[in-house]
Each structure stands twice: as C-alpha cells, then as structure tokens.
Amino acid sequence: MTLIRQLRVTQKKDVLGENPRILQSGKHTADFYEKMWEDILTHGSWTGEIWNRRKSGEIFPEFLKIFSIKDEADNLARFVGIFIDNTEMKAHERAIDVLETKDKLTNLYNRSFITRYIDQWLIGQEHPFVTLLYIDIDRFKTINDNLGHAVGDDLLIQFADTLRRTFTSSLISRVSGDEFVVVMLEEDHNQVDERLEDFFKYLDVPFDLEGYQLLVTCSVGVAIYPTDGASSNALLMHADIAMFEAKKHEGNTFVHYNKTLATEMNRIFEVKTALQQADFDRDFTLHYQPVVDVKTDQVVGAEALLRFENDTLGRVSPGEFIPIAEDYGLILPIGEWVLKQACSTMREVVEMTEGMFKMAVNVSIQQLENSHFPLVLKTILEETAFPKDHLILEVTEETSVSHSARVKETINQIEALGVGVSIDDFGTGYSSLEKLHKLKVNQLKIDQSFIRDLDQTKAIVHAILAMGKSLGLSVVAEGVETKEQRDFLKATTCDYVQGYYFSRPIPFKDFQAYVIQKQSSNK
C-alpha cells in the first residue's frame, strides 16, 4: 500500500491484476526496458533512475530498485520494486543547474556557460559565424558608491533588459560585476556596427533608478571568429582588450580588435607586473620642479613628480605607468609612498626658506574616493613633522567636479586638516564658478596647453585669472618655457609660474642646490 499511496492511487483495485506497463511514462525506449529486464533476469536485480506515471497522468522521476524473489525450489516467484520519489531532488538539481549557468541578479547566462556554449558551437558548425561583444558600463563604480548598491543592482537589471531588446536573437551573458558579453551567432559581421548604434540609441534615454534619472554610457570591444580568435577564451580575451581601448574615448564607443591592440595590452601587462613587483625605495624616485613667484622670481614652492625605473623595462614615463597603476588598483600604496617620501624630504627646504615654501603633491581620484585617505594623510604629517599648512594636494579639474559625494567630502576633510587643495589642469574640464565656490580649494593651476598656445589662448588665460581672483584663489601657470610666456604672465594677475624656462623636474639634491643658488642671487 505504501507504493500505492505514493503513486496517489487510493484503492488496490486500481492496480491489482494490471500490467506494470500502466505506470510507464513514455520517456524511455523499448531498448531501455529490454536492458533493464535483461539485468534483472541475469543478475537478479536492477537499480537506476526511471520516469514513471502517477494515476493523475503526471510523470515523475524515481530512484528504483527491482529484484527477483525465488521460492523454496529456487524458481522465480515474483518481482519486487522499491523506489524513492526523486521529484524534489530533480527540482534541486534544476535549481543548481540554473545557479551554475545563470546570473542570479539579471537571469542572464554566466561566463562559465557562455564559454562552453561558444566552444561547442564552433565544433558543431562547418562554417560558423560568431561575433563577440564585450560590454562594460562606464563609471559604474561611481554610481554604486554614491547612490548605493540597490541603485547599482537596478541599473544592472535594466541594462540587461536593454541588451535583450536590442540583441533579440543573440546569446547574452553577465560575465562579472558590470561587464556583459553578447554572442551573435550566424549573423552578418557587417551588421555588427549597425546593431551597436541601435543599442547606443536605447542608451540615449535615461534609466529610471529609484527616483534618479541617469544617462548611462558603455564601452564595447568587438572580436570576430576566426580572425580574432579560434576559441571562446581567445575571443573573450581579445574583445576585452578592444573594450579597454574603447574606454579611452568618450562613452558609447566600440572598437574592433586588431593585433596592434594586443601589443599595447602586452605592454600594459608588463608595466602592471613591474609595478606590482616594484621595490618602492629602489624603483621609485621623486623629482621636484620649482614654483616661482612671477613678480619676484623667488622660489616659493615645488611640485613633487614621481619617476619609475625598472631593471627590465628601464625608465617608464609617468604618462604611461600612472594610468596603469590607477586602472589596476595599485595607486593607493604608491600614492601613500609619494606623500610620505615628499614630506620627509622637503621638510628641510621649508625650514631653509623660513616658512615661505609650499610643496604640491598630486593625488588621484582613487585616493580621494578612499574613506581612509584623510587619516592616512594626517598620520603622514604627524610622522614626518611636515607643517600641514605648507602642503598642497593637487587634484585634476575632472576629479574636482566629480559627482562623487565621497570626493567632495574628502576634499572638505583635507581642508579641515589645514592642507591646501589646488585644481590642476584647470581649463580642460567642466568647472563653473558655482562648482568651484562649493569646493574648499585654495588654488587654480592653468593647464600648460593654454600657456603653450598663448597666441590663440590669451583670452582664455585672462578669463581663468579673473575667475580665480573673483573666488579669492591664487593662480599658478604651468608649462612656462619661454621668456615671452613669462613676461606675458608677469604683466597679468597671475601669482606663480613653473616650467622648463626655470627648471626641469630634478632630484632632491639638485633642487636643494637650485633653491640655495636662487636665494643667493635674490639677495
């Protein structure tokens, strides 16, 4: 009766005298049953998973053991079957399978599934057409950090829905946090650019995220089989490389992979590895470029500039290694070393100049977005005994007007410590009087491009000077290389200048000698 109850058959008459065939699900072939009975008759039993049918007609999985019973004369008397209903177990297996192949948040396929699928597709097709798109949401971390993870998750879900609407016949995957992969199968490669332009048009409409209306852009790398790779891993890697190249441009940009990009990426990995393995005190050095009072020609400060030299790579330009350090999360320890080294070294110069000297150190947006940075700065000032009112931290204009609440809060905390803040590369971003007024900054630094092209940019320089003075900020012009440039700035309201006309960035001992020589000549 236990079997009958579990099969939801309520009366013996429903099964007595009937052929067990009434329980068959129809999911197994005649060969399956033939092999099953062969094992029972030959070996006395059979064990395995089978699909059977309830009285209601519903089929269900069961784990079944059938064995033969013999009488006292060793003749076959009957067969007995014992089973366990496997319905719940199968449901669990399906759930696990979903977890193994699907992203829980967006219900898109995951990286593991997509790689297996691509490789199987390539094997199974005589002339396969595969285009792989590697898509990364621009500035997703800023959105997540400032508006919260709930908004970030909502964006990922809506972004995934936008991908579904655009690439209706493609395989779509979320491969990591804010990175997605679209696999276009058997579609004309020539249509890829057109499809991406359609996708970007969808992104022209703001996402409604928990009451926030946000315009979101993305960067896309494109790799095509077999030109750009003959396996899923090769296609993913090359599309990823192309995506990183796309990120160097404005949002909603796509780049097709080519071998030149691979060479560039290899170089990036070489520099990244060298930075990861660097002995800071051996491989990093600081050079200092004088900041001069444009009216008196006195040295009143310096900008600390980082240099990197590796045994294998030789000297690596700051324009190359600093963005790599920022992109790969290496800038925090490097930035801390720079601050500590600069403060330790230049305290002597501050004392030598009787308190007139200020030192500028560049900080990155990653440092400003780190909630521990103000404490790190305070600790360094205490350990080095560097006078806090003689330190200026330079942040780029783009960073200073960032929408990041964390950046604004950090700048305010820096100011509260008594440390100055300067807006570097001013004139290249999107500052306004209103934004600058809200930020607690002390100085503007005119970008060197405006000084280099003074014939065309004098009006812009005058405007920046006027803006700075209206806000009560001192103004530095960088990139001064000629006497004519110096003379022009001297006749304006500009306060300070720096550039090759006065000195290149030089090691500390040379800088110290330069300051002493200038002090002597100005007496």
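Residue indices begin from 1 for each chain and proceed along its sequence in written order. Confidence filtering applies because this is a predicted model: local features only for residues at pLDDT of at least 70, side-chain atom pairs given and counted only at 80 or more, and all residues used for totals across whole chains, interfaces and linings. Side-chain figures throughout are based on the complete set of non-hydrogen atoms in the structure, without hydrogens or water.

Undergrad: Teacher, can you tell me more about the environment of Lys 388 here?
TA: Assignment of secondary structure puts Lys 388 in the loop between α14 (373–384) and β15 (391–396). As for Lys 388 and Ile 414, which are separated by 26 residues in sequence, their C-alpha atoms are 10.0 Å apart. Secondary structure is summarised from DSSP: a helix means a run of H or I of at least four residues, a strand means a run of E of at least two, and numbering begins at the N terminus for each.

Undergrad: Looking at this structure, how should I read the environment of Asp 425?
TA: With respect to the secondary-structure elements, Asp 425 resides in strand β16 (residues 420–426). Setting aside residues up to four positions removed in sequence, Asp 425 forms contacts with Thr 396, Glu 397, Lys 445, Asp 447 and Glu 478. Note on contacts: a residue pair is in contact if any heavy atoms of the two residues lie within 4.5 Å.

Undergrad: It is not clear to me how the side chain of Gln 443 should be interpreted in this structure. Could you clarify?
TA: The residue Gln 443 is located in strand β17 (residues 443–446) in this model. Not counting residues within four places of it along the chain, the set of residues in contact with Gln 443 comprises Ile 392, Val 421, Ser 422, Ile 423, Leu 473, Ser 474, Val 476 and Tyr 496.

Undergrad: Looking at this model, I keep getting lost on the packing of aromatic side chains. Mind explaining?
TA: The description of an aromatic ring pair uses the distance of the two centres, along with the angle that the planes make with each other. The aromatic pairing rule takes the rings of Phe, Tyr and Trp, using the six-membered ring of Trp, and pairs them if the centres are within 6.5 Å, calling planes under 30 degrees apart stacked, those over 60 edge-to-face and the rest tilted. All chains considered together, the criterion is met by 18 aromatic pairs. For the ring pair Phe 308 and Phe 321, a centre distance of 5.5 Å and an interplane angle of 65 degrees mean the geometry is edge-to-face. Of this pair, Phe 308 sits in strand β12 (residues 299–310) while Phe 321 sits in helix α11 (residues 318–327), and the two are 13 residues apart along the sequence. To sort residues, take the accessible area from a 1.4 Å probe on protein chains only and compare it with the maximum for the residue type: under 20% means buried, over 50% means exposed, and anything in between is partly exposed. Accessibility expressed as a relative area gives 2% for Phe 308, which makes it buried. Between Lys 102 and the ring centre of Tyr 109, over which it is positioned, the NZ or CZ distance is 5.1 Å. Over a ring means this: the NZ of a Lys or the CZ of an Arg is within 6 Å of the ring centre and within 35 degrees of the ring normal. For Arg 165, the ring lying beneath its charged end belongs to Tyr 202, and the centroid distance is 5.2 Å.

Undergrad: How should I be thinking about the sheet that holds strand β4 (residues 130–137) in this particular structure?
TA: Within a sheet, each strand pairs with its neighbour through backbone hydrogen bonds, oriented either parallel or antiparallel. The pairing criterion for strands is at least two bridges between them, as found by DSSP. Pairing is mixed in the open sheet, where five strands are placed in the order β5-β6-β4-β9-β10. Each edge of the sheet is formed by a strand with only one pairing partner; in this case those strands are β5 (171–176) and β10 (253–256). The mean angle between the axes of side-by-side strands here comes to 20 degrees, regardless of whether they run parallel or antiparallel. Here strand β9 (residues 218–224) pairs with β10 via four bridges, running parallel. The residue of β10 that forms the bridge with Val 222 is His 256. Angular values range over 0 to 180 degrees, each being the angle between N-to-C directions of two axes fitted as lines to C-alpha atoms, with helices fitted over their stretch in contact.

Undergrad: Would you explain helix α21 (residues 508–521) in this entry?
TA: Given 3.6 residues per turn, any residue in an α-helix points the same way as the ones three and four places further on. The terminal C-alpha atoms of α21, which comprises 14 residues, lie 20 Å apart, in line with the 20 Å expected from a rise of 1.5 Å per residue. Turning to α21, its buried residues number three or more, namely Phe 508, Phe 511, Gln 512, Tyr 514 and Val 515. All buried residues of α21 fall inside an arc of 160 degrees around its axis, so they share one side. Tucked into the core, α21 has its buried residues touching β11 (284–293), β12, α12 (331–352) and β20 (506–507). Helix span, as expected, comes to 1.5 Å for every residue beyond the first. This arc is built from the directions going out from the helix axis to the C-beta atoms.

Undergrad: In this structure, what is going on with the pairing of β11? I would like to understand it.
TA: Consecutive residues of a regular strand have side chains that alternate between opposite faces of the sheet. In terms of burial, β11 is largely enclosed, as nine of its 10 residues are buried. Where β11 and β12 come together, nine bridges link them in antiparallel fashion. Bridging across to β12, Val 292 finds its partner in Val 299. Taking the residues between adjacent antiparallel strands as the criterion, β11 and β12 are bridged by five residues, where Asp 297 takes a positive phi near 65 degrees. Pairing of β11 with β20 involves two bridges; the strand directions are antiparallel.

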